[in-house]
Amino acid sequence: MRLIDLMRKCELCPRRCGVDRRRQRGFCGAGEAVRVALVSLHPWEEPCLTGEKGAGTVFFSHCNLRCCFCQNHEISHEGKGVEISMERLAAIFMEQQERGAATLDLVTPTHYVPQILTALSTAKKSGFSLPVVYNSNGYETVETVDLLKGAVDVFLPDLKYWWQESAGEYSGAPDYFEAASQAICRMVEQAGPVQLDSSGGLRRGVLVRHLVLPGHRRESMELLDWLWDTFGERIYLSLMSQYTPMYRAGEHKKINRRLTTFEYESVVEHAAELGFTHCYIQERRAASEEYVPVFDGSGVQG
């Protein structure tokens, strides 16, 4: 089957809508054409991904989750962005390399996997060689992760929830942990142990992100228990404190506030007690709307 044929009955994510994306849109809102909201050199990813000039981010529009606190809701929920061809996408990948990006950082890519793989193949014929980072919300299928074998070097998944109740209320996906845990297991199996280059850049492996939510530190600790018991030091971890009650967070009383220092530091301490040594800790000043990118279409059309 050709990659693009996967659009005829889309089952790329756990929603498994089964729609023909040439004619209609599924739950995520994406059609057949790739929609991109921003192309940039991004300095605020983890240091092992940014190098001197930044990660070469490509922010894709639409998303298969409905996170009520999404800081990128303009593009994830509302679909803001520009439709481009696969040829243009391949050219964007090359342009990021020419700008000196440390990595190619594909942000929320799941629903465009066939197009991305086609564009990567085209770019590599022209000399593209950056490490490819698959930066996703973690809500993936094992089958889609399998499609990425040989094309993706670094997996950067979120692991958002342990409890069904949280995942259902805040992201409309009560099966989130079931799907994400299986997908991350396959990512680790596929990428293997973390590999760094001589300057500390991540060249292969899995870095799992977890955003600590207010009122949910116990849930965060249970997630860390699972990660440690399952992978130990085979993965890197990034504990994020940047939660800001944006978008529709005000509709959910428990998370309609900032994270406290105690909540975040208790989760960090739990990670250390478990034995995690490769763990990124985020400065509390990152919990601000000023760190949200401006999705103005820069770099998309060339």
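Every value quoted in this text rests on a predicted model; they were computed, and no experiment measured them.

Thresholds applied
- Residues numbered from 1 in each chain as written.
- Predicted model: local features only at pLDDT ≥ 70, side-chain atom pairs only at ≥ 80, totals over all residues.
- Heavy atoms only, no water.
- Helix = DSSP H or I, 4+ residues; strand = E, 2+ residues; numbered from the N terminus.
- Buried < 20%, exposed > 50% of the residue type's maximum accessible area, 1.4 Å probe, protein only.
- Areas by Shrake-Rupley, 256 points an atom, 1.4 Å probe, with all protein chains shown as cover.
- Lys, Arg positive; Asp, Glu negative; His and termini not counted.
- Charge placed at Lys NZ, Arg CZ, Asp CG, Glu CD.
- Phe/Tyr/Trp six-rings, centres within 6.5 Å; stacked < 30°, edge-to-face > 60°.
- Lys NZ or Arg CZ within 6 Å of the ring centre and 35° of its normal.
- Axes fitted to C-alpha atoms, helices over the stretch in contact; angles between N-to-C directions.
- Parallel < 35°, antiparallel > 145°, perpendicular 65-115°, else oblique.
- Left-handed = near helix turned anticlockwise from the far one by under 90°.
- Contact = heavy atoms within 4.5 Å.
- Nonpolar A, V, L, I, M, F, W, Y, C, P; charged D, E, K, R; others polar.
- Core = buried A, V, L, I, M, F, W, Y, C linked by side-chain atoms within 4.5 Å.
- Expected span 1.5 Å × (residues − 1).
- Disulfide = S-S within 2.5 Å.

Colleague: Looking at this structure, I do not really get the overall build of the protein chain. What am I missing?
Modeller: A count of helices and strands for the protein chain gives nine helices and 10 strands. Projecting the C-alpha coordinates of the protein chain onto the three principal axes gives extents of approximately 50 × 45 × 35 Å. Within the span of the protein chain, comprising 302 residues, buried residues form 57% of the whole. For the protein chain, the accessible surface area stands at approximately 12800 Å², while carbon and sulfur atoms represent 48% of it. Charge separation in the protein chain, taken as the distance between the mean sites of 33 positive and 39 negative side-chain charges, equals 5 Å.

Colleague: Would you explain the packing of aromatic side chains in this entry?
Modeller: Any aromatic ring pair is given by two values, namely how distant the centres are and how the planes are angled relative to each other. Considering all chains together, one arrives at 12 aromatic pairs under this definition. Taking 5.6 Å as the distance between ring centres and 70° as the angle between the ring planes, the aromatic pair formed by phenylalanine 69 and tyrosine 243 counts as edge-to-face. With phenylalanine 69 in the loop between β2 (55-60) and α2 (73-76) and tyrosine 243 in the loop between β9 (236-240) and α9 (261-274), the pair connects residues that are 174 residues apart, well separated along the chain. The pair phenylalanine 69 / tyrosine 243 is uniform in exposure class, with both members buried. When the ring of tyrosine 161 is compared with that of tyrosine 170, the centres are 6.4 Å apart and the planes differ by 40°; the resulting orientation is tilted. Pairwise contacts between aromatic rings join Tyr139, Tyr161, Tyr170 and Tyr176 into one cluster. Its end group placed over the ring of phenylalanine 27, arginine 15 keeps NZ or CZ at 3.9 Å from the ring centre.

Colleague: How do you make sense of the packing of helix α8 (residues 217-231) against α9 when you look at a structure like this?
Modeller: If you want to describe how two helices pack, look at the angle between their axes and the distance between the axes. At a closest axis distance of 10 Å, the pairing of α8 and α9 adopts a crossing angle of 20°. Considering the angle they form, α8 stands roughly parallel to α9. Of the two possible hands of crossing, α8 and α9 adopt the one that is right-handed. Each of Arg217, Ser220, Met221, Leu224, Asp225 and Trp228 in α8 lies in contact with α9, whose residues at this interface are Phe262, Glu263, Ser266, Val267, His270, Ala271 and Leu274. A per-class count over the contact of α8 with α9 returns seven nonpolar, three polar and three charged.

Colleague: It is not clear to me how the environment of leucine 223 should be interpreted in this structure. Could you clarify?
Modeller: On the secondary structure map, leucine 223 appears in helix α8. With a relative accessible area of 1%, leucine 223 lands in the buried category. In this structure, the C-alpha to C-alpha distance between leucine 223 and tryptophan 163, residues 60 residues apart in sequence, is 9.3 Å. Setting aside residues up to four positions removed in sequence, leucine 223 forms contacts with Leu159, Lys160, Tyr161, Trp162, Phe177 and His210.

Colleague: Looking at this structure, how should I read the side chain of serine 166?
Modeller: Along the polypeptide, serine 166 turns up in helix α6 (residues 164-171). Once residues within four sequence positions are removed from consideration, serine 166 is found in contact with Tyr161, Ser171, His216 and Glu219.

Colleague: Sorry, what's going on with the nonpolar core here?
Modeller: Within the largest apolar cluster, 75 residues are counted, with the highest numbers of intra-cluster contacts made by Phe69, Phe93, Leu159 and Leu227. Element by element, the count of residues in this core is highest for helix α7 (residues 176-191), at nine residues. Ignoring any residue separated from it by four or fewer positions in sequence, one finds leucine 159 in contact with Tyr176, Phe177, Ala180, Ile184, Val208, Arg209, His210, Leu223, Trp226 and Leu227. Membership of the second largest hydrophobic core comes to eight residues, among which are Leu49, Val133, Val154 and Leu207.

Colleague: Hey, could you run me through helix α3 (residues 86-98) in this one?
Modeller: Each full turn of the α-helix corresponds to 3.6 residues, which orients residues three or four apart in the same direction. With 13 residues, α3 extends 19 Å between its outermost C-alpha atoms, agreeing within 8% with the 18 Å of an ideal straight helix rising 1.5 Å per residue. The set of residues buried in α3 consists of Arg88, Leu89, Ala90, Ile92, Phe93, Met94 and Gln96. Buried residues along α3 sit in contact with β1 (34-42), β2, β3 (82-84), β4 (104-107) and α4 (113-125). Positive backbone phi, at 90°, marks glycine 100, one or two positions downstream of α3.

Colleague: How do you make sense of the state of the cysteines when you look at a structure like this?
Modeller: Covalent bonding between the sulfur atoms of two cysteines is what defines a disulfide. Per the stated rule, a full pass over the model turns up zero disulfides. Among the cysteines around cysteine 13, which has no disulfide bond, cysteine 17 carries the closest sulfur, lying 6.0 Å off. On the basis of relative accessibility, which here comes to 12%, the residue cysteine 13 falls in the buried class. The thiol sulfur of cysteine 70 is not disulfide-bonded, and the nearest other cysteine sulfur, from cysteine 67, lies at 6.1 Å.

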